Protein chains: 2
Amino acid sequence: MDRPIGVFDSGLGGLTVLKEIINILPNENIIYFGDTKRVPYGSMSEEIIIKYTFQAINLLLSKNVKAIVIACNTATALALSKCLDKYDLPIIGVIEAGARECLNITKNKVVGVIGTEATINSKKYNKELRKLDENIIVFEKSCPLFVPLVENGFSNKEESYLVAKNYLKDLINNNIDSLILGCTHYPILEETIKKVVGDNINLVNPAKETANDLKNILTENNLLNTSKTKSSYKYLVSHIDDKFESIANKFLGIKIEDIEKVDIQNY
Amino acid sequence: MDRPIGVFDSGLGGLTVLKEIINILPNENIIYFGDTKRVPYGSMSEEIIIKYTFQAINLLLSKNVKAIVIACNTATALALSKCLDKYDLPIIGVIEAGARECLNITKNKVVGVIGTEATINSKKYNKELRKLDENIIVFEKSCPLFVPLVENGFSNKEESYLVAKNYLKDLINNNIDSLILGCTHYPILEETIKKVVGDNINLVNPAKETANDLKNILTENNLLNTSKTKSSYKYLVSHIDDKFESIANKFLGIKIEDIEKVDIQNY
């Protein structure tokens, strides 16, 4: 089954998930779509986020993908259940994986979640965590400037540190022992966030567990690629500039070779 | 002479200048171009800023403008002199006006300038101020996150205050009595900047003096519009979203009616 896997994010944050998928499923062909023209989704309405997610999935379906990863917490929080109703192929998000991973890590069962305004307001992480363990105590905080900081090239600069210190101070005071990075852009700010929260709080990146979920769902559906040809990676974006490539290179060590602009509003 | 005036900015910051022009020249027709697709210019190279400015001027010329205001400090700093060499019509920028206005206001002759990295690195404000008064003492500071803050809807929110406090602390300690807002986006952050610098430092917005310069140059060249028909305002942008309209409304009280998307790379 050499049909590609589709991976979708509002911008370049999903590359942090792509990296883990490539790591665990090196044999798969992948098409990544970053909606770089309309990023950030985090403060948009539910209606718009659902519409944009449907357009992304329609685009990936037109490329004949066999499964889709919504590598965007905001789109997962607001649109995943609607997508599962509407489409027939396997589709997974990042929130269930992130919640599970967090419960594996926490010792004191007091955890923090950071994400966009839309993700935090949806309370999806909270619900998912409490479904898995009703004794868990969850503190949440939206960090709306983190995505613009990353998308505008301020990752791990002084500005990011300053803003992170302000966003995270209450979570630290609440004695959390783990912190879910509930937005795929946030691992790009990992260095800064670590500097702010210190060594006693573990950062939880849902990417690795999401890649595991993908492997499981492909296996169950008999969709793993068994061909031995070299895997191909294609990148679709709705707006082209050099940020995409430079961030991919600088923070993820991903070398982008095949990049193409698409008119997403046509899907 | 009812041909329109062209006003150009990298994004929506130039609307702060447009407002003053409408105020002082209510009889003029105006075409505004905001390069909203490629904003922010502030950290780009000189070569790119010159190229983008030429494209903006070519676009405005294709609309038959009689004069052009480069309502963008970065483009003024890096490209105005090149534009004056290349084009025949009257073109003015915002830096000379801002320097003049600052010298009218300062009492202790110790002044601050804030702007994008490209503007501050060009030292154009410093040179212009010292050309007008060699005894002036100038402290400069680039504030690279201010434009992304405005363009992403964080104007006068807590994040802006936090970042402004950090950017401006050294200038305040240097006992400046006036501060040039050397980027047309910064007046949109005026409330925040005032809160940080206090009542003893006057904020200098080059927009009003720029509008005066425009009036003078139109008068000298016999280009003022003497027709009595209602003035028209047209807005061209390289990328359409709702930010442009909402910021124009919210901070400037400008009601945008005639907005059109253009493919700026074709000019």
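It should be emphasised that the depicted structure is a prediction, and the values quoted were computed from it without experimental measurement. (Residues numbered from 1 in each chain as written. Chains lettered and ligands numbered in written order. Predicted model: local features only at pLDDT ≥ 70, side-chain atom pairs only at ≥ 80, totals over all residues.)

> What should I look at first to understand helix α4 (residues 95-105) of chain A in this one?
One turn of an α-helix holds 3.6 residues; hence residues three or four places apart share an orientation. Looking only at α4(A), the buried set comprises A:Ile95, A:Glu96, A:Ala97, A:Gly98, A:Ala99, A:Glu101 and A:Cys102. Buried residues in α4(A) make contact with α3 (73-86), β5 (110-115), α6 (124-132), β7 (178-181), β8 (202-204) and α10 (207-220) of chain A. (Buried ≥ 20, exposed ≤ 12 C-beta atoms within 10 Å, placed from the backbone. Helix = DSSP H or I, 4+ residues; strand = E, 2+ residues; numbered from the N terminus. Contact = placed C-beta atoms within 7 Å.)

> How do you make sense of the domain arrangement of chain A when you look at a structure like this?
Many authors give the size of an interface as the accessible area that is lost as the parts come together. Residue and element names in this part refer to chain A. Assigned domains of chain A: these are domain 1 (5-93 + 208-266) and domain 2 (95-206). Its C-alpha centre places domain 1 at a distance of 22 Å from the equivalent point of domain 2. Each side of the interface is counted separately: domain 1 has 28 residues, and domain 2 has 27 residues. Every element with two or more residues in the side of domain 1 that touches domain 2 is listed here: α1 (15-24), α3, α10 and α11 (242-252). Per element, the largest residue contribution to the side of domain 1 that touches domain 2 is five residues, and it comes from α3. (Domains from an automatic or database assignment.)

> Would you explain the nonpolar core in this entry?
Note on soluble globular proteins: their nonpolar side chains tend to be buried together. Of all hydrophobic cores here, the largest spans 164 residues; its most connected members are A:Val69 and B:Val69. In this structure, B:Val69 is in contact with B:Ile5, B:Val7, B:Val17, B:Ile21, B:Ile92, B:Thr210 and B:Leu214, ignoring residues within four places of it in sequence. (Core = buried A, V, L, I, M, F, W, Y, C linked by C-beta atoms within 7 Å.)

> I tried to follow the interface of chain B and chain A on my own but got confused; where do I start?
Of the residues lining the interface, nine residues belong to chain B; the matching set on chain A comes to nine residues. Examining the composition of the side of chain B that touches chain A, we find that four residues originate from one element, helix α8 (residues 158-173) of chain B, more than from any other.

> Where do I start with the sheet that holds strand β1 (residues 5-9) of chain A in this structure?
Paired through their backbone hydrogen bonds, the strands of a sheet run either parallel or antiparallel. Residues and elements named next belong to chain A. Spatial ordering of the open sheet is given by β4-β3-β1-β2-β9-β10, a layout of six strands whose pairing is parallel. The two strands at the open ends of the sheet, each matched to only one other strand, are β4 (91-92) and β10 (259-261). Direction of pairing for β1 relative to strand β3 (residues 67-70): parallel, over a ladder of four bridges. When the bridges of β3 are listed, Gly6 appears paired with Ile68. (Pairing = 2+ DSSP bridges.)

> What exactly am I supposed to notice about the packing of α1(A) against α10(A) here?
Residue and element names in this part refer to chain A. Relative orientation of the contacting elements α1 and α10 amounts to 50°, with a least axis distance of 8 Å. Classified by the interaxial angle, the pair formed by α1 and α10 is oblique. Considering how the two elements wind past one another, α1 and α10 form a crossing that is right-handed. On α10, the residues that touch Thr16, Val17, Glu20, Ile21, Asn23 and Ile24 of α1 are Ala207, Lys208, Thr210, Ala211, Asn212, Leu214 and Lys215. For the contact of α1 with α10, a count of residues per class yields six nonpolar, four polar and three charged. (Axes fitted to C-alpha atoms, helices over the stretch in contact; angles between N-to-C directions. Parallel < 35°, antiparallel > 145°, perpendicular 65-115°, else oblique. Left-handed = near helix turned anticlockwise from the far one by under 90°. Nonpolar A, V, L, I, M, F, W, Y, C, P; charged D, E, K, R; others polar.)

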